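Listed below are the residues making up each chain.
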Amino acid sequence: MPSSRYAYQPSREFHVVVLGAGGVGKSCLTAQFVHNEWIESYDPTIEDSYRTQVSVDGRQVMLEILDTAGTEQFVAMRDLYMKTGQGFLLVFSITSRASLQELVTLRDEIIRIKDDENIPIVIVGNKADLVDQRQVDRAKAFAISQRWNAPYYEASARTRTNVDEVFVDLCRQMLRRDDAPDNSQDLYYDKGEDPSSSRRRRKRKHKHGPRCTIL
Ligand SMILES: Nc1nc2c(ncn2[C@@H]2O[C@H](COP(=O)(O)OP(=O)(O)OP(=O)(O)O)[C@@H](O)[C@H]2O)c(=O)[nH]1
């Protein structure tokens, strides 16, 4: 069979979960990444999922992206999608100190549910175009990301700044874990799960120094 026919078939599929307080721009970041479109209106999300194929360092990756609800009334759904997620975009708005604070709880929950301190995470300070309304210092957000050993990006869904970069960084983290040779010994399957399924969890993780990307 000609290999060229299969050259662009994704070799990996990952579940990405976009989390953060209500109104920080999760849906807008996702819509810009998946459809290249800007949404001006605010329509609170319940839960939306998207499938999109991306090329990362020459490799085709299929992403299943879950855009979650920031509002409190839907928090009961969180446990479920945190279990399924393999990589997390933690989004706050640089115009809201409270939205950064909310990430602390979300990150704690992810670590608890995944039972994994080094699960792939990217911290996103969105709405970076609203410079006059900034409430969160870049240095402060970066310090938090360092403590969490996760990269920090300032982004703007409106200007499409760092939109691709945050998703690609997360993909790279997930690919690195998938590629790591010692992962083969660390794989284990959920009780009762079909071992041939691709839903796998990893116990030991690789540390990568935090990065700060500024506009
Ligand atoms: N100026 C500016 N506005 C933004 C940006 N991202 C989102 N917004 C606006 O912020 C509002 C909320 O954006 P959403 O993407 O719906 O926020 P969300 O986090 O998905 O909100 P929930 O669904 O409630 O969790 C909308 O009016 C967007 O137009 C940005 O980068 N810059």
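Relevant structure appears above.
Here's what I pulled together on the structure shown here. (Residues numbered from 1 in each chain as written. Predicted model: local features only at pLDDT ≥ 70, side-chain atom pairs only at ≥ 80, totals over all residues. Heavy atoms only, no water.)

### Notes on the nonpolar core
Ranked by internal contacts, the top residues of the largest apolar core, which has 30 residues, are Phe33, Val61, Leu63, Ile65, Leu89 and Val124. In terms of residue count, helix H5 (residues 163–179) provides more of this core than any other element does, 8 residues in total. Once residues lying within four places of it in the same chain are set aside, the contact partners of Leu89 are Val17, Val18, Leu19, Val122, Val124, Val166, Phe167 and Leu170. Leu19, Leu106, Ile144 and Trp148 belong to the second largest nonpolar core, which has 24 residues in total. (Core = buried A, V, L, I, M, F, W, Y, C linked by side-chain atoms within 4.5 Å. Buried < 20%, exposed > 50% of the residue type's maximum accessible area, 1.4 Å probe, protein only. Helix = DSSP H or I, 4+ residues; strand = E, 2+ residues; numbered from the N terminus. Contact = heavy atoms within 4.5 Å.)

### Things to note about unusual backbone geometry
With phi around 65°, Lys127 is a residue other than glycine that occupies positive phi space. Its place among the elements puts Lys127 in the loop between strand S5 (121–126) and helix H4 (138–147). Despite not being glycine, Asn162 has its phi angle at roughly 60°, a positive value. Within the secondary structure, Asn162 is located in the loop between strand S6 (152–154) and H5. Residue Asn162 is classed as buried on the basis of its relative accessible area of 11%.

### Things to note about the environment of Phe33
Looking at the element boundaries, Phe33 is found in helix H1 (residues 26–35). Accessibility expressed as a relative area gives 10% for Phe33, which makes it buried. Note: C-alpha distance between Phe33 and Val163 (130 residues apart in sequence) is 6.2 Å. Ignoring anything within four residues of it in the chain, the contact list for Phe33 reads Thr52, Val54, Leu63, Ile65, Arg160, Val163, Asp164 and Phe167.

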